[in-house]
Amino acid sequence: MPSVHDDDFNVPPPEKAGISSTHWHPPPPPTLAVPKLEVTKELLQALPKTDLHCHLDGSMRLKTILELAEQQGVKLPANDEAALAKVIHKGEVCRDLEDYLVAFDVTCSVLQTEAALFRAAYELAIDAAAENVRYLEVRYAPVLHQQRGLKLTAIVDAVLEGLRTAKRETRIKYGVILCGIRHMNPQSSVRLAELCVAYKNRGVVGFDLAGAEANFPAKEHREAFQLILKNNVNCTAHAGEAYGPESIGQALHYLGAHRIGHGVRLREDGDLLNYVNDHRIPLECCPSSNVQTRAVSEMAAHPLKFYFDYGLRVTINTDNRLITDTTVSHEYWIAHKELGLSLEDLTTIIVSGFKSAFLPFREKQDMLKAVNAEIEATLKRFEAKAPAKAR
Ligand SMILES: [Zn+2]
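Predicted model, so just to flag it, every value in this text is computed and none were measured.

(A) Focus on the overall build of the chain. Within the chain, the secondary structure is distributed over 17 helices and eight strands. Its C-alpha atoms give the chain a radius of gyration of 21 Å, near enough to 21 Å, the size a compact globule of 391 residues would have. Along the three orthogonal principal directions, the C-alpha set of the chain runs to about 70 × 50 × 40 Å. Taking all 391 residues of the chain together, 45% fall into the buried category. Considering only intrachain contacts with a sequence separation of at least 6, the fraction spanning at least 24 residues in the chain is 75%.

Here it is, written out as structure tokens:
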């Protein structure tokens, strides 16, 4: 599915450009004036950002898991922060995606009450706002929070209330993406799609397919996605992370995905790569997570820079703040330090994040205007205080 074309956001009509229409050629999209400035962690933290691929159950505070377990009488495999960090592979490289997914059993064990879901959502948005994430899309699978009999509707309401509360305090914008799970019965995805349809325009902005990718083809969940598409709901799918490009092809052509989660293995199929590029389908890249799950052998082998240089619409995201031990600012730092993306590249990717949000086009235009102004002001501020030699 084609997403909003890049130029739609930037190109002024001929009259406004002050050039007669007979001689008018589309001007190149205005690029931000990015000064020569040393990229620092402080600068990346200060810039406005998005996080479009962030799992609620993978992004809790460690301390909160321990406190919730205590309150709820849940037995955890470890009872202090250091030992629990080890159990959930915090920041460690895992054997594979399945090994990594085990960590979610621990976090989900304490996310079975409305109060816990409210708190996890609230704290996640507060943490994101603290590093200047201006727009956050939080995703989770409500079906994983029913171990104590919660209704699906109560689960969705609790998370939305947590995010709403954080928005009142920080003005962070948010949207929720509900996930179907690949390795569960496709009928459960249909139930979740129905939930998603009901909550469209009520805080829920999209649908996703998550879970174990290998051996669980996306096309088995197409009934759920048909319902989603029929109701004009945005959708994305994890694909090309633990399986090859066929998985991305299925996400696009069977599920109608408007964005792709990860897409690390898209580079193995040139034709599909060009299809994704031609249709400006955004990739939700999560570099550190991809190293952790061994979707790439090491950071230097990550395709983010190649995709960006080729012209793909890439975005940078956390995936799981806790389990991968990361933040959006840190992922941008890695993209600069380890993958060699320049400040100009990074600001382009920041803007791509806002362009790729599951929001109405006009709302995105307004948000982009504000974000462009904020990026320029931030760069100027850092330029003014930079030592002369760095300029
Ligand atoms: Zn993910």
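Past the structure itself, the notes keep going.
(B) Main features of the environment of L266. Mapped onto the fold, L266 is located in the loop between β6 (259-262) and α12 (270-278). Those residues within four positions of L266 in sequence are excluded, and the remaining contacts are G240, P245, I248, L272, L273 and V276.

(C) How the structure looks around the sheet that holds strand β1 (residues 49-55). The strand order β1-β2-β3-β4-β5-β6-β7-β8 describes an open sheet built from eight strands, whose pairing is parallel. Lying at the two open borders of the sheet, with one neighbouring strand each, are β1 and β8 (314-316). Neighbouring strand axes in the sheet, compared pairwise and without regard to direction, differ in orientation by 25° on average. Across the sheet, helix α8 (residues 152-170) touches β2 (133-140), β3 (173-181) and β4 (204-210), and the angle it forms with β3 is around 155°.

(D) Region of the structure containing the pairing of β6. Pairing geometry for strand β5 (residues 234-239) and β6, over four bridges, is parallel. Counterpart to T236 in the pairing with β6 is R259. Handedness of the crossover joining β5 and β6 through helix α11 (residues 245-253) is recorded here as right-handed. Of the pairings in the sheet, the one linking β6 to strand β7 (residues 283-285) comprises two bridges and is parallel in character. Residue pairing for β7: I260 is matched across the bridge by L283.

Definitions and cut-offs
Residues numbered from 1 in each chain as written. Predicted model: local features only at pLDDT ≥ 70, side-chain atom pairs only at ≥ 80, totals over all residues. Helix = DSSP H or I, 4+ residues; strand = E, 2+ residues; numbered from the N terminus. Rg over C-alpha atoms; globule rule 2.2 N^0.38 Å. Buried ≥ 20, exposed ≤ 12 C-beta atoms within 10 Å, placed from the backbone. Contact = placed C-beta atoms within 7 Å. Pairing = 2+ DSSP bridges. Axes fitted to C-alpha atoms, helices over the stretch in contact; angles between N-to-C directions. Right-handed = clockwise from strand over helix to strand, strands pointing away.

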